[in-house]
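# Close look at the chain arrangement
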Amino acid sequence: MSCRGAEKRVALVRGDGVGPEVIDGALAVLEAAGAGLEFVPVELGYGRWKRTGKAIAEEDLELIKTCHSVLLGAITTPPDPEYRSVLLRLRQELDLYANIRPFSAPELDFVIVRENTEGMYSGVEKLDEEEATTLRVITYRGSLRIAERACAIASKRQRLTIVHKSNVLKSDRLFLKICEETARRWDVPFESMLVDAAAYNLVINPKRFDVMVMTNLFGDILSDEAAGIVGGLGLCPSANLGDKYALFEPIHGSAPDIAGKGIANPIGAIRSAAMMLEWFGDAEKARMIEEAVEWSLAQKVTTPDLGGCCSTKEVAEAISKRLAWSD
Ligand code: ATP
């Protein structure tokens, strides 16, 4: 996956909670790697909503669309009925339909490809005193394009697991059929697996997985499970890709319980920045950052979530210094 040749102009959304802290860590590492990017700060999120009554404006979207990618820390979505999720809006407005979430740990390496725009998050909902309904919309177009993305990734790896619940949900019969047809067309070895079995197998034997494709809510839930399996939410990066735009963010949320303490793990954000460099066609710098991250983990230069006693800044500095040495 890359957009080689594009101008490297990045919308920088620090966001809420630990977002600004982990983004500062990622920026330090990008600078040490000599990434040479132009950053365009864009303030979005709950903090801004509390201050101004608006979490995101049309002008912000226009500005973001002048950039080729977005690097985002984290945004709080409060349980306030007046507040509309900024992340959902960004995913829909920029049509970021493919959420790519790689998970790695010693002897573990698999990728979750999550459909990002429809399914349970289609926004077709009704809530009243007597009844509440959320419509699970699965379309041919939505399933085909995520299946294509997953097969493109699986074709360079080993195999694809199509995760579904088609024994109960008619909407998943369509999703499964399209994924199977696409995998056959790509000549990618594949299997299908019920989501409950996938949840179980991830815990029992995560090594059996390579590339997994699934609908929106299943991907949301299994990603957090996968993060727990590889060591924690703070470690895991993600790319949200469309045909035109791309957004990179750690998979964790704004972690209000530790925000402002300087102890958030910056590695998910740093790895997201590395994924962005790969997207820009700079696979070598991305690989160097990943190696420096692995070195810091092996040296146990870690934040408290991984049992260490380093601050966010100390971890980012250690990774940056390692990059400078390996230059
Ligand atoms: P939000 O409402 O924004 O999703 P949340 O607290 O519900 O926030 P997460 O932010 O994903 O969800 O946090 C879940 C747990 O993981 C929290 O205990 C949090 O402290 C921890 N966590 C999340 N990100 C990190 C991180 N970067 N470093 C350390 N711990 C983290």
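Per chain, the residues get numbers from 1 upward, laid out in the order the sequence is written. Residue-level local features of this predicted model are given only where pLDDT is at least 70; pairs of side-chain atoms are given and counted only at 80 or more, and the full residue set underlies all totals for whole chains, interfaces and linings. For the side-chain quantities, the full set of heavy atoms in the structure was used; hydrogens and water were omitted.

### Here's the deal with the pattern of salt bridges
- In what follows, salt bridge is the name for a side-chain nitrogen of Lys or Arg lying within 4 Å of a carboxyl oxygen of Asp or Glu. In the structure shown here, the tally under the stated rule is 23 salt bridges.
- Residues Arg 48 and Asp 60 are paired through a salt bridge, measuring 2.8 Å at the closest nitrogen-oxygen approach. Placement of Arg 48 in helix H2 (residues 46-52) and of Asp 60 in helix H3 (residues 58-65) is noted, with a sequence separation of 12 residues between them. The residues Arg 48 and Asp 60 share a single accessibility class, namely buried.
- Two residues, Lys 313 and Glu 317, come together in a salt bridge whose shortest N-O distance is 4.0 Å. Here Lys 313 and its partner Glu 317 are both found in helix H11 (residues 312-325), four residues apart, which amounts to about one turn of the helix.
- On the basis of relative accessibility, which here comes to 39%, the residue Glu 317 falls in the partly exposed class. In this description a helix means any DSSP run of H or I spanning at least four residues, a strand means any run of E spanning at least two, and both kinds are numbered starting from the N terminus. Buried residues are those whose accessible area, probed at 1.4 Å on protein chains only, stays under 20% of the maximum for their type, while exposed residues exceed 50% and partly exposed ones sit between those limits.

### Topic: the pairing of strand S1 (residues 9-15)
- Most of S1 is tucked away, with five of its seven residues classed as buried.
- Two elements, S1 and strand S2 (residues 38-41), share four bridges in a ladder whose sense is parallel. Across the sheet, residue Leu 12 finds its bridge partner in S2, namely Pro 41.
- Of the crossover connections in this fold, the one passing from S1 over helix H1 (residues 19-32) to the parallel S2 is right-handed.
- Strand pairing requires that DSSP identify at least two bridges connecting the strands. For S1 and strand S3 (residues 69-74), the ladder comprises five bridges, and the chain directions are parallel. What sits directly across from Gly 15, in S3, is Ala 74. By convention, a crossover is right-handed whenever its connection, traced from the first strand over the helix to the second and viewed with the strands pointing away, goes clockwise.

### Some words on unusual backbone geometry
- Positioned with a positive phi, Glu 107 is a non-glycine residue whose angle comes to about 70°.
- Note on placement: Glu 107 falls in the loop between strand S4 (98-105) and strand S5 (108-115).
- We note that Lys 300 has phi near 60°; this positive angle belongs to a residue other than glycine.
- Residue Lys 300 is classed as exposed on the basis of its relative accessible area of 66%.

### So, the packing of aromatic side chains
- Think of it this way: a Phe, Tyr or Trp ring, Trp meaning its six-membered ring, pairs with another when their centres are within 6.5 Å, and the plane angle makes it stacked under 30 degrees, edge-to-face over 60, tilted otherwise. On inspection of all chains with the given rule, the structure shows four aromatic pairs.
- Here Tyr 46 and Tyr 83 contribute two aromatic rings whose centre-to-centre distance is 5.7 Å and whose plane-to-plane angle is 90°, an arrangement assigned as edge-to-face. With Tyr 46 in helix H2 and Tyr 83 in the loop between S3 and helix H4 (86-93), the pair connects residues that are 37 residues apart, well separated along the chain.
- On the basis of relative accessible area, Tyr 83 is assigned to the buried category, the value being 8%.
- Ring geometry for Trp 49 against Tyr 83: centres 5.2 Å apart, planes inclined by 90°, an arrangement best described as edge-to-face. With Trp 49 in helix H2 and Tyr 83 in the loop between S3 and H4, the pair connects residues that are 34 residues apart, well separated along the chain.
- In textbook terms, an aromatic cluster arises when at least three aromatic residues are bridged by ring pairs, as seen for Tyr 46, Trp 49 and Tyr 83.
- When the ring centre of Tyr 121 is taken as origin, the NZ or CZ atom of Arg 114, which lies over that ring, is 5.5 Å away. For a ring to carry a charge above it, either NZ of a lysine or CZ of an arginine must fall within 6 Å of the ring centroid while also lying within 35 degrees of the normal to the ring plane.

### Brief notes about the sheet that holds strand S8 (residues 160-164)
- Taken in spatial order, the 10 strands make up an open sheet running S2-S1-S3-S12-S11-S4-S5-S10-S8-S9, and their pairing is mixed. Of all the strands in the sheet, the pair left with one neighbour each is S2 and strand S9 (190-194). Within the sheet, the average angular offset between the axes of one strand and its neighbour, ignoring direction, is 25°.
- As defined by bridge partners, S4 adjoins strand S11 (residues 237-241) across three bridges and the pair is classed as antiparallel. Across the sheet, the residue bridging to Ala 98 is Leu 241, located in S11.
- Only heavy atoms matter for contacts: two residues are in contact if any of them lie within 4.5 Å across the pair. With axes taken as lines fitted to C-alpha atoms, and helix axes fitted only over the stretch in contact, angles between N-to-C directions fall between 0 and 180 degrees. The strands that helix H6 (residues 170-186) touches are S8, S9 and strand S10 (211-214); relative to S8, the one it contacts most, it runs at about 170°.

Keep in mind that these numbers describe shape and distance, not what the molecule does.
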